[in-house]
Amino acid sequence: ARFMVCIMSGAFSPLALLLFGCYAAILGVHGEERCVAQHAEAAHYVAAVYEHQSVLTPNPLALTSRKQALELMTQNLDIYEQQVMIAAQKARNTPGFGVQIIVFPEDGIHGFNFTRTSVYPFLDFIPSPQLVRWNPCLEPHRFNDTEVLQRLSCMAIKGNMFLVANLGTKQPCQNNDPGCPNDGRYQFNTNVVFSNNGTLVDRYRKHNLYFEAAFDVPLKVDHIIFDTPFAGKFGIFTCFDILFFDPAVRLLKDSEVKHVVYPTAWMNQLPLLAAIQIQRAFAIAFGINLLAANIHHPSLGMTGSGIHSPLKSFWHHDMENATGHLIIAQVAKNPPGLVGTENSTSKMNPSHSKFLEILAGGPYCEKDAQEVHCDEAAKWNMNTPPAFHSEMMYDNFTLVPVWGKEGYLRVCANGLCCYLLYQRPTLSKELYALGVFDGLHTVHGTYYVQVCALVKCGGLGFDTCGQEITEATGIFEFHLWGNFSTSYIFPLLLTSGMSLETPEQLGWENDYFFLSKSGLSSGLVTAALYGRLYERD
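For clarity, every value in this text was computed on a predicted model and none was experimentally measured. (Residues numbered from 1 in each chain as written. Predicted model: local features only at pLDDT ≥ 70, side-chain atom pairs only at ≥ 80, totals over all residues. Heavy atoms only, no water.)

1. Remarks on the nonpolar core
Right, on to step 1. Within the largest apolar cluster, 68 residues are counted, with the highest numbers of intra-cluster contacts made by I101, L272 and L291.
Right, on to step 2. Here this core spans two domains, since at least three of its residues come from each of domain 1 (44-332) and domain 2 (351-356 + 382-532).
Right, on to step 3. With residues near it in sequence (within four places) discarded, L291 still touches Y45, A47, V49, I101, V103, F234, V260, V261, Y262, G306 and I307. (Core = buried A, V, L, I, M, F, W, Y, C linked by side-chain atoms within 4.5 Å. Buried < 20%, exposed > 50% of the residue type's maximum accessible area, 1.4 Å probe, protein only. Domains from an automatic or database assignment. Contact = heavy atoms within 4.5 Å.)

2. Some words on the sheet that holds strand β17 (residues 388-392)
Sheet strands associate in pairs through backbone hydrogen bonding, adopting either a parallel or an antiparallel arrangement.
Right, on to step 1. Read across the open sheet, the seven strands follow the order β17-β18-β21-β22-β28-β24-β25; overall the sheet is antiparallel. Two strands in the sheet have a free side with no partner beyond their single neighbour: β17 and β25 (499-500).
Right, on to step 2. Bridging between strand β21 (residues 432-441) and strand β22 (residues 447-456) involves ten bridges; their strand directions are antiparallel. Paired with D438 across the strands is Q450, a residue of β22.
Right, on to step 3. Helix α6 (residues 275-286) contacts β24 (489-495), β25 and β28 (524-532) of the sheet and is inclined by roughly 135° relative to β24. (Pairing = 2+ DSSP bridges. Helix = DSSP H or I, 4+ residues; strand = E, 2+ residues; numbered from the N terminus. Axes fitted to C-alpha atoms, helices over the stretch in contact; angles between N-to-C directions.)

3. Observations regarding the pattern of salt bridges
Note on pairing: side chains with opposite charge can pair once their charged atoms come close.
Right, on to step 1. Counted by the stated rule, this structure contains 20 salt bridges.
Right, on to step 2. Measuring nitrogen to oxygen at the nearest pair gives 2.8 Å for the salt bridge that ties D124 to R66. Of the two residues, D124 is situated in strand β4 (residues 124-125) and R66 in helix α3 (residues 66-93); the sequence distance between them amounts to 58 residues.
Right, on to step 3. Assessed through its relative accessible area of 19%, R66 is described here as buried.
Right, on to step 4. With a closest N to O distance of 3.2 Å, K233 and E256 form a salt bridge. (Salt bridge = Lys/Arg side-chain N within 4 Å of Asp/Glu carboxyl O.)

4. Description of the environment of R410
Right, on to step 1. Mapping R410 onto the fold places it in strand β19 (residues 406-413).
Right, on to step 2. As for R410 and A387, which are separated by 23 residues in sequence, their C-alpha atoms are 9.7 Å apart.

5. Points about the environment of K312
Right, on to step 1. The residue K312 is located in the loop between β12 (305-308) and β13 (313-317) in this model.
Right, on to step 2. What makes K312 partly exposed here is its relative accessible area of 33%.

6. Quick word on the environment of C452
Right, on to step 1. Mapped onto the secondary structure, C452 falls in strand β22.
Right, on to step 2. On the basis of relative accessibility, which here comes to 0%, the residue C452 falls in the buried class.
Right, on to step 3. A C-alpha to C-alpha distance of 9.5 Å links C452 and C412, two positions 40 residues apart in sequence.

No statement about biological role is implied by the geometric values presented.
Right under this line is the structure:
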């Protein structure tokens, strides 16, 4: 995929109208900038995320000393400090634009692919912030093996900003602890949060490990919410956690949590789970801001960071350049939601009217254990071509080809039916398909998904549907919907060149969850509804 740094905006927000009103009220009067800045500052905070090209140990399986481990980690920490100071300098150069929180990626300091033994020299000791109030920068000798924490704490002070980073930590345990590993210590993949005065605010120990033999799963899930003076409550979790109920979804049961910090080391997998895809989808689905910092190793398929809200994203995806990237953006303190919003204008357009008519006049359907049977006499204006099967995301999808300039299609599997109503201004020499999967995903993790997906295939053959592609020219106006049996549905909307798009409408209608979109800025790569049934994992 080509280099991509983009900003995407939705419709006018209440804030935008407020700022416009402010300008209008004082037009021709000195001080208009101050008025706008005051409103912006009251409604926003400024965040930064850094996608880091980390310095890696040449052989993560080799045994090394603490001194050698610190020498390598110092190289990465030096880059972190440079980025903190760049973010702080930008703030000084732009009044009212002070960065208040910065997020760094998972594995960015120590690297990855260690064994339990080889990672040990890279681990810091960390006391529980619930039990101990500690400022590592100001109290460096209070605990042993805390050099990385000290450095991060001092960075937060230098930059005068909250700082979130990821490191490996160790915790001694006793034989009378039934969960204590044989070597007498727990080893955790840990996120830490420092306030702008360097105090260790909280820690989060990763719960859903992704083939990380070096680390232990905490005996109890950490549900960590920390408070800030600039934007209220933040949740925190790491990488693979985003696909599971604990801790990610449970954290957001607290309605006051409007923001999540998210260090990740995510390997992109198209067409459904590229880093920026799932990040944006999570922000939309839960109506929150997600500050996502990914590691940058294009040769491993690792890139994709962003500051995402339901209606706007600032993102970075770069598979060509081997350099890090800093994103700084204003973020709404109270993000406006998208799911379930009613837009009277789009309700009046012919496409949405036809969608509502279809739902109102749909056939009577019965489900058995294997498939859905519908009343053939019902008036469905549908001419669905024969279904075929193809592997997508290591799952056996049932698909139908999407032919012609307009159409109405249905494809079903295992109780889930997916529907597509579409129009195309022009046909492209590409094959698209509508696919469905309702089942347990078992490769690189085990979790139950229900998916309705409109995808561009890798070629013109049916067996290419599900392949990873990033470029497309096909333009669609469409409604995509399904009879999902979960309320946890993530909208994925990706166009050519790894560009994110905002759904026009999203929500429930007559027991179906739907996504609609018109006016794509470039060719469609993926439009999907990715449902998670956590209770069936």
